[in-house]
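Observations on the three-dimensional arrangement
Residue-level listing of the chains:
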Amino acid sequence: MSALLLLFVCLVLGALVARFARPPAGIVQGLNWWVLNVALPALVLAMIPRVQFDRHTWFPVATMWVTFFGAWALFASLGRALHWPRARVGAMTLVCGLGNTSFMGYPMVEAMHGKPGLALAVVADQLGCFPLLAAGGIVVASLYSGRQPSAALVVRRIVTFPAFIALLIGIVAGVAGGWPAVLDHLFLQLGQTLTPLALFSVGLQFKLHLQRDQVGALSAGLGWKLLLAPLAGWVLGRALGVDGLTLSVGVLQAAMAPMISAAILADQYELEPRLANTVLGAGIVLSLATVPLANLLMGG
């Protein structure tokens, strides 16, 4: 409960500062730079060597793929049936197919399942959600904005992302027996800055612009992201014999709020950015209740 309270306090504090204080220009960019280039890679370096790979470790990664491609199929179908503009289909696929599996996923999973759960959450994020953002996200954004996706850009985004580099190094370190104690402690200490700074940054950017013509898309998007996607992951896991912590973490990561970077990508490609930010804001608020509820329903 104290860990979940920290998430809520940091989020609310960021929103209050953005509304009533005068934070320095560029604070969001500065916080995000630290989180993405220092805290996240450090946490990956600390967690990946701890992962106990077994025959079910693929499952948290698979739930990310189910979430993304399920969203794409769903919103492409709804778009044809409801005559949505292509920009709306692209925006909904991005923000409801990609989850906030690092900024919110890491601290929430750790709060509910400790360090063993966090290690699996890192696997879901780094091997599942991030490659989907870097590759699938660019493809969707390009297709629905009328641009041609660049294979070189996709590859460059993946291989130069600091957390991905840390992932490869962490795998090698795990095979070699893990880090020396002093390095392990250092990486953990740096990684622990991710939770308060990331959620404070989310709060600073929090926006909720609900308009009448967006209600249907908003409801469909959050219905998929917060309910149907984790349910699909749970059904897949149970059908294939996955259980315990691996099942719980895979389902919880599928249930996370929409990804901030996906909304930024929608804005960059002019895919109904107002709708994307509405879904993002509402999803963050609702997920603070729906994710712990999903965990309770699974016996957590």
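Structural notes, computed from the coordinates. The model shown is predicted, which means the values in this text are computed figures rather than measured ones. (Residues numbered from 1 in each chain as written. Predicted model: local features only at pLDDT ≥ 70, side-chain atom pairs only at ≥ 80, totals over all residues. Heavy atoms only, no water.)

Examining the nonpolar core
Membership of the largest hydrophobic core comes to 91 residues, with the highest contact counts inside it found for Val-44, Leu-94, Leu-98, Tyr-106 and Leu-271. Counting residues per element, this core draws most heavily on helix α5 (residues 105–145), at 20 residues. (Core = buried A, V, L, I, M, F, W, Y, C linked by side-chain atoms within 4.5 Å. Buried < 20%, exposed > 50% of the residue type's maximum accessible area, 1.4 Å probe, protein only. Helix = DSSP H or I, 4+ residues; strand = E, 2+ residues; numbered from the N terminus.)

Side note on the side chain of Thr-67
Looking at the element boundaries, Thr-67 is found in helix α3 (residues 58–82). A distance of 2.8 Å separates a polar side-chain atom of Thr-67 from the backbone oxygen of Thr-63. The residues contacting Thr-67, other than those within four sequence positions of it, are Cys-96, Gly-97, Trp-224, Lys-225, Ala-229 and Ala-254. (Polar contact = N/O pair within 3.5 Å; in protein donor to acceptor, adjacent residues only side chain to side chain. Contact = heavy atoms within 4.5 Å.)

Focus: a nonpolar patch on the surface
A grouping of Leu-5, Phe-8, Val-9, Val-12, Leu-16 and Phe-20 is seen on the molecular surface, where their side chains present a nonpolar patch of about 570 Å² in accessible area. Judged by its relative accessible area of 45%, Phe-8 is partly exposed. (Patch = residues over 30% accessible without salt bridge, like charges linked within 9 Å, V, L, I, M, F, W, Y side chains within 5 Å. Areas by Shrake-Rupley, 256 points an atom, 1.4 Å probe, with all protein chains shown as cover. Salt bridge = Lys/Arg side-chain N within 4 Å of Asp/Glu carboxyl O.)

Brief notes about helix α12 (residues 260–268)
Because each turn of an α-helix spans 3.6 residues, side chains separated by three or four positions end up pointing in the same direction. Among the residues making up α12, those that are buried are Ile-260, Ala-262, Ala-263, Leu-265 and Ala-266. For α12, the secondary structure elements touched by its buried residues are α4 (86–97), α5, α9 (194–205) and α13 (273–297). Looking one or two places after α12, you find Glu-270, whose phi comes out positive at around 55 degrees.

Looking at the packing of aromatic side chains
Counted under the stated rule, the structure contains 7 aromatic pairs. On the basis of an interplanar angle of 25 degrees and a centroid distance of 5.6 Å, the ring pair of Trp-65 and Phe-69 is categorised as stacked. Of this pair, Trp-65 and Phe-69 both sit in helix α3, 4 residues apart, which is roughly one turn of the helix. For Trp-65, a relative accessible area of 39% translates into the label partly exposed. A residue is classified by how much of its surface remains accessible, and Phe-69, at 38% relative accessible area, is partly exposed. Aromatic side chains Phe-69 and Trp-72 sit 6.3 Å apart centroid to centroid with 20 degrees between the ring planes, which places their arrangement in the stacked category. Of this pair, Phe-69 and Trp-72 both sit in helix α3, 3 residues apart, roughly one helical turn. Here the aromatic cluster, defined as three or more aromatic residues joined through ring pairs, consists of Trp-65, Phe-68, Phe-69 and Trp-72. (Phe/Tyr/Trp six-rings, centres within 6.5 Å; stacked < 30°, edge-to-face > 60°.)

Regarding the packing of α5 against helix α11 (residues 244–254)
Where α5 contacts α11, the two axes come as close as 9 Å, and the packing angle between them is 85 degrees. Between α5 and α11, the interaxial angle falls into the category roughly perpendicular. The segment α5 lies against α11, with Gly-105, Val-109, Met-112, His-113, Pro-116, Gly-117, Leu-120, Ala-121, Ala-124 and Asp-125 engaging Leu-245, Thr-246, Ser-248, Val-249, Leu-252 and Gln-253. Residue composition of the contact of α5 with α11, grouped by class: 9 nonpolar, 6 polar and 1 charged. (Axes fitted to C-alpha atoms, helices over the stretch in contact; angles between N-to-C directions. Parallel < 35°, antiparallel > 145°, perpendicular 65-115°, else oblique. Nonpolar A, V, L, I, M, F, W, Y, C, P; charged D, E, K, R; others polar.)

Re unusual backbone geometry
Phi is positive for Glu-270, which is not a glycine, with a value near 55 degrees. With respect to the element layout, Glu-270 can be found in the loop between α12 and α13. Notably, Glu-272 is not glycine yet its phi reads approximately 40 degrees, a positive angle. Following the sequence through the fold, Glu-272 ends up in the loop between α12 and α13.

Notes on the environment of Ala-257
Note on placement: Ala-257 falls in the loop between α11 and α12. For the pair Ala-257 and Ser-287, spaced 30 residues apart in the sequence, the C-alpha separation amounts to 5.6 Å. Those residues in contact with Ala-257 that sit more than four places away from it in its chain are Leu-98, Gly-99, Asn-100, Met-104, Lys-225, Leu-226, Gly-283, Ile-284 and Ser-287.

What to know about the pattern of salt bridges
Overall, the coordinates contain 2 salt bridges when judged by the stated rule. A salt bridge links Arg-88 to Glu-272; the nearest nitrogen and oxygen atoms lie 3.2 Å apart. With Arg-88 in helix α4 and Glu-272 in the loop between α12 and α13, this residue pair connects regions lying 184 residues apart in the sequence. The partner of Lys-115 in a salt bridge is Glu-110, and the shortest N-O contact between them spans 2.6 Å.

All quantities given are derived from atomic positions and should not be read as evidence of function.
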